[in-house]
Amino acid sequence: MNLPGPDPRETRALAPWAARPARGRGRVHAEPAAATRDDYQRDRDRIVHSNAFRRLEYKTQVFLNHEGDMFRTRLTHSLEVAQIGRSIARALRLNEDLCEAIALAHDLGHTPFGHAGQDALNACMAEQGGFEHNLQSLRVVDALEQRYAEFDGLNLTFETREGILKHCPASHARTLGALGERFLRGGQPSLEAQIANLADEIAYGNHDVDDGLRSGLVSVAQLRGVDLFAKHAAALDARHPRLDERRLIAETVRAMINEQVTDLLRESAHRIADACPADERAVRSLPALIAFSDAMRPRVAELRRFLMQALYRHPAVLERMGEAKRMIRALHAAYLANPGRMPAAHHRRCDEIGPRAIADYIAGMTDRYAISEYHRLHG
Ligand code: MG
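Please read all numbers here as calculations on a predicted model, not as lab measurements. All residue numbers refer to positions counted from 1 along the written sequence of the respective chain. The predicted origin of the model limits local features to residues at a pLDDT of at least 70 and limits the giving and counting of side-chain atom pairs to 80 or more, whereas totals for whole chains, interfaces and linings rest on all residues. The side-chain values count all of the structure's non-hydrogen atoms but skip hydrogen atoms and water molecules.

J.: Would you take a moment to explain the overall build of the chain for this structure?
T.: Broken down by element type, the chain carries 19 helices and 0 strands. In this setup the radius of gyration rests on C-alpha atoms only. A globule is expected at 2.2 Å times the number of residues raised to 0.38. Scaling as 2.2 N^0.38, a compact globule of 379 residues should have a C-alpha radius of gyration of about 21 Å, and the chain matches this with 22 Å. Its C-alpha atoms give the chain principal-axis dimensions of roughly 60 × 55 × 45 Å. Only protein chains enter the accessibility calculation, which uses a 1.4 Å probe. A residue is then buried if its area is under 20% of the maximum for its type, exposed if over 50%, and partly exposed in between. With 379 residues in all, the chain has 50% of them scored as buried. The secondary structure listing takes helices from DSSP runs of H or I that are at least 4 residues long and strands from runs of E that are at least 2 residues long, numbered from the N terminus.

J.: How should I be thinking about the coordination of the magnesium ion in this particular structure?
T.: The expected angle between donors at a tetrahedral four-coordinate metal is 109.5 degrees. At an octahedral six-coordinate metal it is 90 or 180 degrees. Bound to the magnesium ion on the protein side are His77 (NE2), His106 (NE2), Asp107 (OD) and Asp200 (OD), at distances that span 2.1 to 2.7 Å. Coordination shells were defined by N, O and S atoms within 2.8 Å of each metal, extended to 3.2 Å for Na, K and Ca; water is absent from the atom set, which can make sites look incomplete. Along the chain, the residues donating to the magnesium ion fall in the pattern H-x28-H-D-x92-D. Placement of histidine 106 in the loop between α5 (96–105) and α6 (114–124) and of aspartate 200 in helix α11 (residues 191–215) is noted, with a sequence separation of 94 residues between them. Of the two residues, histidine 106 and aspartate 200, neither departs from the other in class, the shared state being buried.

J.: What should I look at first to understand the nonpolar core in this one?
T.: The nonpolar side chains of a soluble globular protein tend to be buried with one another. Counting 103 residues, the largest nonpolar core has Ile47, Leu94, Leu108, Val209, Leu223 and Ile290 as the members making the most contacts within it. With 10 residues, the single largest contributor to this core is α11. Residues are treated as being in contact if the distance between any of their heavy atoms lies within 4.5 Å. Not counting chain neighbours up to four residues away, the residues in contact with leucine 94 comprise Leu14, Trp17, Ala18, Ala89, Leu191, Glu192, Ile195 and Ile290. The set of buried Ala, Val, Leu, Ile, Met, Phe, Trp, Tyr and Cys residues whose side-chain atoms join them within 4.5 Å is what this entry labels a nonpolar core.

J.: How should the environment of histidine 106 be read in this particular structure?
T.: Residue histidine 106 is classed as buried on the basis of its relative accessible area, which comes to 5%. Between the alpha carbons of histidine 106 and serine 190 there is a distance of 15 Å; along the sequence they are 84 residues apart. Excluding anything up to four places from it in sequence, histidine 106 contacts His77, Ser78, Val81, Ser137, Lys166 and Asp200. Distance and chemistry together define a polar contact, namely a pair of N or O atoms within 3.5 Å, with one atom able to donate a hydrogen and the other to accept it when in protein, and with adjacent residues in sequence counting only for side-chain atoms on both sides. Engagement of the side chain of histidine 106 in a polar contact is seen with the side chain of histidine 77, the distance being 3.2 Å. Polar side-chain contacts of histidine 106 include one of 2.7 Å to the backbone oxygen of alanine 103.

J.: Before we go on, may I ask you to explain empty space enclosed by the protein in this structure?
T.: It is a probe the size of a water molecule, rolled over the atoms, that shows where empty space is left. As defined here, a cavity is a set of points on a 1 Å grid over the protein atoms alone where a 1.4 Å probe fits but cannot get out. A pocket is an open set with protein on both sides within 12 Å along at least five of seven lines, and residues line them when an atom is within 4 Å of a point. Grid points are joined across faces, edges and corners, and a volume is the space filled by probe spheres set on the points. Counted by the stated rule, this structure contains 2 cavities of 30 Å³ or more. In this model, the largest cavity occupies a volume close to 60 Å³. If you trace the largest cavity, you find it lined by Glu201, Ile202, Tyr204, Gly205, Asn206, Gln260, Val300, Leu303, Arg304 and Leu307. Of all elements in the fold, only α11 and α15 (297–312) reach the threshold of two or more residues within the lining of the largest cavity. For the lining of the largest cavity, the element with the highest residue contribution is α11, accounting for 5 residues. In terms of residue class, the lining of the largest cavity is made up of 5 nonpolar, 3 polar and 2 charged. By volume, the second largest cavity is sized at about 40 Å³. Among the elements that make up the lining of the second largest cavity, the one with the highest residue count is α11 (3 residues). Residues are sorted three ways: Asp, Glu, Lys and Arg are charged, Ala, Val, Leu, Ile, Met, Phe, Trp, Tyr, Cys and Pro are nonpolar, and all the rest, Gly among them, are polar. Looking at side-chain class alone, the lining of the second largest cavity contains 3 nonpolar, 3 polar and 1 charged residues.

J.: Mind showing me how you'd approach the packing of helix α13 (residues 227–239) against α15 here?
T.: In a packed pair of helices, the relevant descriptors are the angle between the two axes and the axis-to-axis distance. Note on geometry: axes are C-alpha line fits, over the in-contact stretch for helices, and angles between N-to-C directions span 0 to 180 degrees. Interaxial distance between α13 and α15 falls to 8 Å at its minimum, and their mutual angle equals 100°. The orientation of α13 with respect to α15, classified from their angle, is roughly perpendicular. Residues Asp227, Leu228 and Lys231 of α13 pack against Arg299, Val300, Glu302 and Leu303 of α15. A breakdown of the residues in the contact of α13 with α15 according to their chemical character gives 3 nonpolar, no polar and 4 charged. For classification purposes, angles smaller than 35 degrees are called roughly parallel, those larger than 145 roughly antiparallel, those between 65 and 115 roughly perpendicular, and all remaining angles oblique.

J.: I'm lost on the layout of surface pockets in this one. Help?
T.: A volume near 680 Å³ is recorded for the largest pocket. Forming the boundary of the largest pocket are 28 residues, of which Arg74, His115, Tyr204, Met308 and Tyr312 lie nearest the centre. Of all the secondary-structure elements, those providing two or more residues to the lining of the largest pocket are α4 (74–91), α6, α11, α15 and α16 (315–337). When the residues that make up the lining of the largest pocket are grouped by side-chain class, the tally is 8 nonpolar, 10 polar and 10 charged. Within this model, the second largest pocket holds a volume of roughly 590 Å³. The wall of the second largest pocket is formed by 23 residues, among which Arg55, Leu144, Gln146, His346 and Asp360 lie closest to the centre. Put simply, the parts of the chain that give the lining of the second largest pocket at least two residues each are α3 (51–55), α7 (133–144), α17 (344–353) and α18 (356–364). Grouping the amino acids of the lining of the second largest pocket by side-chain chemistry returns 10 nonpolar, 6 polar and 7 charged.

J.: Explain the side chain of glutamate 192 to me, please; I cannot follow it from the model alone.
T.: Positionally, glutamate 192 belongs in helix α11. With residues up to four places along the chain from it excluded, the contact list for glutamate 192 reads Ala18, Ala19, Leu94, Asn95, Leu98, Cys99 and Ile102.

J.: Mind showing me how you'd approach the packing of aromatic side chains here?
T.: Centre distance and the angle of the planes are the two values used to describe a pair of aromatic rings. The criterion for an aromatic pair is that two Phe, Tyr or Trp rings (for Trp, the six-membered ring) have centres within 6.5 Å, with stacked assigned to planes under 30 degrees apart, edge-to-face to planes over 60 apart and tilted to the rest. Tallying each qualifying case throughout the model produces 3 aromatic pairs. Ring geometry for tyrosine 148 and phenylalanine 151: centres 4.8 Å apart, planes at 25°, overall stacked. In this structure phenylalanine 151 comes out as buried when scored by relative accessible area, which is 10%. An angle of 75° between the planes, with centres 6.5 Å apart, marks the rings of tyrosine 361 and tyrosine 369 as edge-to-face. Overall, tyrosine 361 belongs to the buried group, its relative accessible area being 7%.

What follows is the structure in structure tokens.
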């Protein structure tokens, strides 16, 4: 029986500047084509089936994973980024599969306990070049996943890997070959990567409002001082004066996401029409074409400042983050003093590559695994 190939209508519908697997820069290790899926679909599938992806379910976004089942985790965050990213990519006739693959992989390198975990591990690794979750996401897909007989990592395409690597210091970029070039010479990644990056911002800005309200650490009254929220909440008050707070929050957050996505689509469509890039390679030497409008940018920044000050630096959050940092430091010290405390495979790796193997092991932990390891090692 002949299997149907990738849907040709999809390919025809793409804009000339959309990423196309057939014109991509390929994988590090050449592989035969799949019968029914193109290269970006395969990248997405490899990411979904990876160990690191499943562990996102038990990693903190803002709230510690065990504090409540209603809060976002890295997994649900990544799914929201993928959903927003796909919607934008489809509306602009860009490659949804590439955008989705990048979105699902973008946080694979996150440590347990969110940014607190990263900061602690970065300090522990200061003498070995530090630790940064974005570089680690690339390391996960390039080296740490062990699922193939013939190579380490997932052997993803250049375009997915390029999209995962959002920022990169020059010293590190020089070690990455073609992938590091844009950080040395300047330049943009694909439009699909630019979308995934902004979809991440839209997703966390809005879901952290929702989670912040649910936690009780920030209030609707406070958010009524933030323009993006206030405008939609006031419109709802007028239409539904006796709406209960849960619905008011859900409706307002929904309207906020919609307004930001719509603004991004309109501005990006303008910029693309003005620049009229010849193809997907031409976008790399143009200024960013996926962007918010000048009117929206300060409003998004205002929301981000509010979240930083009212939620991420809330004393209750900082206290839990302090505990989390202590746990990461203690784990690192324990493994450094005696790498034999790690499982045999990680111990062996530590003999081969040194302390980076300890950072890889800790970064791969879920929140609850890190907590149980901490109690095992420190009573
Ligand atoms: Mg993210």
